[in-house]
Amino acid sequence: MDYKILFIILVTIVSIQMRFSTAREPFACDPKAAMTKNLTFCKTTLPIQARVKDILSRLTLQEKITSLINTAAPIPRLGIEKYEWWSEALHGVSNVGPGTKFGGAFPGATSFPQVITTASSFNATLWEKIGQVVSDEARAMYNGGMGGLTYWSPNVNIFRDPRWGRGQETPGEDPLVTGVYAVSYVRGLQGYDRNKLKVAACCKHFTAYDLDNWNGVDRFHFNASVSKQELEDTYNVPFKMCVEQGKVASVMCSYNQVNGVPTCADRNLWTETVRNKWNLYGYVVSDCDSVGVLFDQQHYTKTPEEAAAISIKAGLNLDCGPFLALHTENAIKQNLVKVEDVDSALGYLLTTQIRLGMFDGEPSVQKYGQLGSKDVCTQAHQDLALEAARQGIVLLKNLNATLPLSSRTHRTVAVIGPNSNVTVTMIGNYAGIACGYTTPLQGISTYAETIYQTGCNGTACGSDAQFGGAVDAARQAEATVLVMGLDQSFEQEMRDRVDVLLPGHQQDLISRVANASKGPVILVLMSGGPIDVSFAENDPRISAILWAGYPGQAGGAAIADVLFGTTNPGGKLSVTWYPQDYLAKVPMTNMAMRQSTNYPGRTYRFYNGPVVYPFGHGLTYTKFLHKPAKIPSEIKVSINGHHRNRNLSSMTRKSVLLKNAKCKNLLLNIDVDVKNVGSVYGTETLLVFSTPPSSIVGAPLKQLVAFEKVGVAAMSERRVRIKINVCDRMSIVDKSGNARLALGQYLISIGDIKHSVSIVPY
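Just so it is clear, the structure is predicted and the values come from calculations on it, not from any experiment.

**Points about the packing of helix H2 (residues 48-58) against helix H13 (residues 339-355)**
Inference 1: As a packed pair, H2 and H13 sit with axes 9 Å apart at the nearest point and diverge in direction by 125 degrees. The angle between the axes of H2 and H13 places the two elements in the oblique class. In this structure, H2 meets H13 at a crossing whose hand is right-handed. Across the interface between the two elements, Ile48, Gln49, Arg51, Val52, Ile55 and Leu56 of H2 pack against Asp343, Leu346, Gly347, Leu350, Thr351, Ile354 and Arg355 of H13.
Inference 2: Partitioning the contact of H2 with H13 into residue classes produces 7 nonpolar, 3 polar and 3 charged.

In C-alpha cells:
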C-alpha cells in the first residue's frame, strides 16, 4: 500500500477517535440509564415550567443550595451531572472561564477583533454574524466535551472614561450603538428560538460599572453616585435593549455599589426593573465573588448569612463563587430567607438549562448536536475574522492621499515598532487560543520587501537604545510603517490607565523615524482606549495614521490590506479621543455625564471642548456626498386625546411624558441619496444625529438616533431608507428619570446634511 495513503488513513482514524473519545455524555436524562426513563422532568413534550417544578420537587435543600453556584454539584441519584456555568465568549470562545478548555480535537477557536474594534464597523449585520460563528464553535466544543453552554458575554457597559482598562471590551461610549451591538451579538449567540437556545448569552455588568483600579480606588470599594437621569438615559440603556429586544438569557450584576447599594443586593435593580419591567426570561448571575465582596469588603451586611439572604431576595439566582453554597442554609435557619426564595432562584437556572436542551438526553440528536471539531476554525470563520478587522480599522489621517501605498512604488517598507510582530497582543483580553495569527509584519511582507526593527523593547519603550536601527531602516526604505500603541500591560481588567499618552519613549521614536525616513511615514496604533496623538496629527512628516484597536487573529493581514488599498477603510471611532489635559478635569470617580461648573462633561453627547478626534471620525480612500431625498419637516404626536385642551401646563406644551404620548408606529422615515464620487468602491456609515430642543433640563447637545452601513460602487449612487422610532430614539430623560418627548424643532444631521424637523402635538 502507498505509504502516503496509509498515513492519511491513520490520521483520519486518529482524528475520529479524538473527536468521539471526548464526545459529550448527556448532562441529564440519559436514555441509556434506567433511573431516568420515567422521570417527569425528562419528558420533552411537557411545558418547561412543569419540568422545572418536577425537578424542584425531587431535590433536597442541600442539593438546591449547591446548585446556586457556578460550579454546580452533580446529583447522581437523579442522573444529573455537575455543571460549570462560567464560560466566556467576548469575541470568540475563550478559556478565561473554567467551563471551557482547549486541547485534543479543539486546539483553538476563531479569535475575532476585540469588541471596540468590531464596534467601529458600525455594522449590526456583522455583529450578529460574529455571534453566530462564536456560538457554532461554542456548541461544537460542548458537543466534544470541552465547553459549556452558558457564556457570560457581551460586556455592554458604557465606555465613559478613556482611562478605563476594560473599555476595550465594550462597543464604545454611545448608548444606542452599545445597545444595538448587545441585541445583535446576543441574537447571533442565542438564535431566535427562545425555548431552543443555541447558547445562553449574558449582558454584563449591571450597572454603572466602568472603573477598575484608579488612583487608589478599586471596583470592590467604589460607590458610583449616579443621578436617575443618567442611569436611565446612559448607563441602563444597553441593558434594557439587551433584555427587551435581544431577549438575553442572563444579566450579571457588578462589583460596585450604586448610590450606596451593592448592585447584587439591589432589589429595585433586579426584581423591580430587570425582571418585572423589562421581563427578563432567564437568570441573574453575580460577578465572581461579588456576593462575598459586599459582605467582607464593602461591609454592607453584618453577617455572611445576611449577605446571602439579601442577594437572593434582591433577585440573584446564581453566584459565581462558593458564597451562597456556604451560607444559604444557615440564612434559612435564621429566617433571613425562605426555601421558596431558593426554589425561585434555582427555577430560573433550571429553566435556562432546559432551554439549552441539557435535560433532553443525548446531545448528538438535538438541534445543534451535529456541530463538532470540523466546525471550529473553518476557513469561512477565519475569513469573517479577517473581514471584521478590515471593517473595524479606522483611518484617522491621510495627508495628501498618501494611502494607499503601491506595491510598485513602495517595494521596500520599513516595519518598525514594538507591536509590529506581535500575536496575542492583537486579540486583547478575554480571549482564547486563536486558530493562528498573522502579524502586521507578516501581512505587510505579502505586499513588499520589509526591513524590520522593533525600535523599543516592548510597548513600555523604556529606552532609546534601539532607535538607531529603526532610524537606519527608515532611511533605506521607500515607505515606513510604525506599529505602536498599547497592550494588556497598560489596559485590562483591574488596570486602568494613568494617562492617554503613548508609553515611555514611543513618541520620541516616532518623531525621530519620521524625521529620517526618505519615504512616507504611516503610524499604526494598537490600543483599546484612545491615545492623545496630537503630535502626530500635527506633524506633516507623518503622512497617515491608522487605528486598529486589537484587531484579532488576522489583524496583521487586515492592516496590510488597508495600507495597500486591497481594502478601502470605512471604520469610524465609537469613542471620543480626548487630549491629555482633559483628564485633569474629570476624575474617574465622577460618574456625571453632563457639564457643570469646572466639569466639562463626558462623551460627544455632553462634551463640546477640544478633542484629538471626535466620535464618528473616520476617513476613506474615496469621497461620499449626501443628498436628502425625502425628509419630513414635521411629525405630529397625539397626547392621549388631550391635544385640544388649551389648559395644558407649560411643561406639557414644551414636552410630553412618553407614557402620555401615542407612540405606536410614530416613525421618522428618512431617505438619503449617497453618492460615491471617487474612483474606488467604499462603505459609508451614515450617522444620524438629533439635536433636540433645550426645553428639558440636561438634554444632550446631540445624540445618535440611527446608523446605517451602505456600500457604494465608484461613481455610483444609492438611496438609503432610515427608519427612526421617534419615541424610542428621540426622547429625552428628565431629571426625575422620566422619558419625555420634547415638542419643538430638532436639527437632524447626516454627514453634510442639516435638516430641521418639528415635533408638534395634534
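**Let's talk about a nonpolar patch on the surface**
Inference 1: Together, Leu625, Val677 and Met715 give the surface a local cluster of nonpolar side chains, amounting to about 250 Å² of exposed area.
Inference 2: Note on placement: valine 677 falls in the loop between strand S20 (667-676) and strand S21 (682-691).

**A look at the pairing of strand S16 (residues 542-547)**
Inference 1: Counting buried positions over the 6 residues of S16 gives 6, a clear majority of the element.
Inference 2: With 4 bridges connecting them, strand S11 (residues 394-398) and S16 associate as antiparallel partners. Considered in S16, the bridge of valine 394 is made with tryptophan 547.
Inference 3: Where strand S15 (residues 521-526) meets S16, 5 bridges bridge the pair, whose relative direction is parallel.

**Considerations on the nonpolar core**
Inference 1: Judged by nonpolar contacts, the single largest core of 120 residues is most densely connected at Phe41, Trp152, Val248, Val251, Phe359 and Leu704.
Inference 2: Other than its neighbours up to four places away in sequence, phenylalanine 41 contacts Cys29, Arg51, Asp54, Ile55, Arg58, Leu78, Ile80 and Phe359.
Inference 3: Among the nonpolar cores identified, the runner-up in size contains 83 residues, and Tyr209, Trp214, Ala554 and Val612 belong to it.

**Quick word on the pattern of salt bridges**
For side chains bearing opposite charge, pairing can occur when the charged atoms are close.
Inference 1: Under the defined criterion, the tally for this structure stands at 32 salt bridges.
Inference 2: The salt bridge partner of arginine 605 is aspartate 233, with a shortest N-O separation of 3.5 Å. You can see arginine 605 sitting in helix H20 (residues 603-606) and its partner aspartate 233 sitting in helix H7 (residues 228-235), a full 372 residues away along the chain.
Inference 3: By relative accessible area, arginine 605 is classed as buried at 3%.
Inference 4: Members of the salt-bridge network, linked through shared partners, are Arg166, Glu169, Asp212, Arg219 and Glu493.

**A word on the packing of aromatic side chains**
Inference 1: On inspection of all chains with the given rule, the structure shows 27 aromatic pairs.
Inference 2: Here the aromatic rings of tryptophan 86 and tryptophan 152 are separated by 6.0 Å at their centres, their planes lie at 10 degrees, and the arrangement is stacked. Of this pair, tryptophan 86 sits in the loop between strand S2 (83-84) and helix H4 (115-119) while tryptophan 152 is found in the loop between helix H5 (124-143) and helix H6 (175-190), placing the two residues 66 residues apart along the sequence.
Inference 3: Where phenylalanine 615 meets phenylalanine 689, the ring centres are 6.4 Å apart and the plane angle is 75 degrees; that geometry is what we call edge-to-face. Of the two residues, phenylalanine 615 sits in the loop between H20 and strand S17 (624-630) while phenylalanine 689 sits in strand S21, which places them 74 residues apart along the sequence. In terms of burial, phenylalanine 615 and phenylalanine 689 fall into one category: buried.
Inference 4: Following the ring pairs from residue to residue traces out a cluster consisting of Phe122, Trp127, Tyr181, Tyr185, Tyr604, Phe615, Phe689 and Phe707.

**Details of the state of the cysteines**
Inference 1: Per the counting criterion, the structure on display carries 7 disulfides.
Inference 2: In this model, cysteine 203 is linked to cysteine 242 through a disulfide, with the two sulfur atoms separated by 1.9 Å. Its S-S torsion of approximately 75 degrees makes the covalent link between cysteine 203 and cysteine 242 right-handed. Separated by 39 residues along the polypeptide, cysteine 203 in strand S3 (residues 203-206) and cysteine 242 in helix H8 (residues 237-244) bring together distant segments of the chain.
Inference 3: By relative accessible area, which is 0% here, cysteine 203 ends up buried.

**Quick notes on the layout of surface pockets**
Inference 1: By volume, the largest pocket is sized at about 1,100 Å³.
Inference 2: Glu232, Asp233, Val237, Lys240 and Val733 are the residues nearest the centre of the largest pocket, which is lined by 41 residues in total.
Inference 3: For the lining of the largest pocket, the elements supplying multiple residues, two or more each, are H6, H7, H8, helix H9 (267-277), strand S22 (703-712), helix H22 (726-729) and strand S24 (732-733).
Inference 4: Across the lining of the largest pocket, the residue classes break down as 18 nonpolar, 11 polar and 12 charged.
Inference 5: Of the pockets and cavities examined, the second largest pocket occupies roughly 690 Å³.
Inference 6: Forming the boundary of the second largest pocket are 33 residues, of which Lys572, Gly616, His617, Leu687 and Gly751 lie nearest the centre.
Inference 7: Listing elements by their share of the lining of the second largest pocket, those giving two or more residues are S17, S21 and strand S26 (744-750).
Inference 8: The greatest single-element share of the lining of the second largest pocket, amounting to 7 residues, is contributed by S21.
Inference 9: Looking at the lining of the second largest pocket residue by residue, the classes come out as 13 nonpolar, 14 polar and 6 charged.

Parameters and conventions
- Residues numbered from 1 in each chain as written.
- Predicted model: local features only at pLDDT ≥ 70, side-chain atom pairs only at ≥ 80, totals over all residues.
- Heavy atoms only, no water.
- Axes fitted to C-alpha atoms, helices over the stretch in contact; angles between N-to-C directions.
- Helix = DSSP H or I, 4+ residues; strand = E, 2+ residues; numbered from the N terminus.
- Parallel < 35°, antiparallel > 145°, perpendicular 65-115°, else oblique.
- Left-handed = near helix turned anticlockwise from the far one by under 90°.
- Contact = heavy atoms within 4.5 Å.
- Nonpolar A, V, L, I, M, F, W, Y, C, P; charged D, E, K, R; others polar.
- Patch = residues over 30% accessible without salt bridge, like charges linked within 9 Å, V, L, I, M, F, W, Y side chains within 5 Å.
- Areas by Shrake-Rupley, 256 points an atom, 1.4 Å probe, with all protein chains shown as cover.
- Salt bridge = Lys/Arg side-chain N within 4 Å of Asp/Glu carboxyl O.
- Buried < 20%, exposed > 50% of the residue type's maximum accessible area, 1.4 Å probe, protein only.
- Pairing = 2+ DSSP bridges.
- Core = buried A, V, L, I, M, F, W, Y, C linked by side-chain atoms within 4.5 Å.
- Phe/Tyr/Trp six-rings, centres within 6.5 Å; stacked < 30°, edge-to-face > 60°.
- Disulfide = S-S within 2.5 Å.
- 1 Å grid on protein atoms, 1.4 Å probe; cavity = no way out; pocket = protein on both sides within 12 Å on 5 of 7 lines; lining within 4 Å.
- Points joined across faces, edges and corners; volume = space filled by probe spheres on them.

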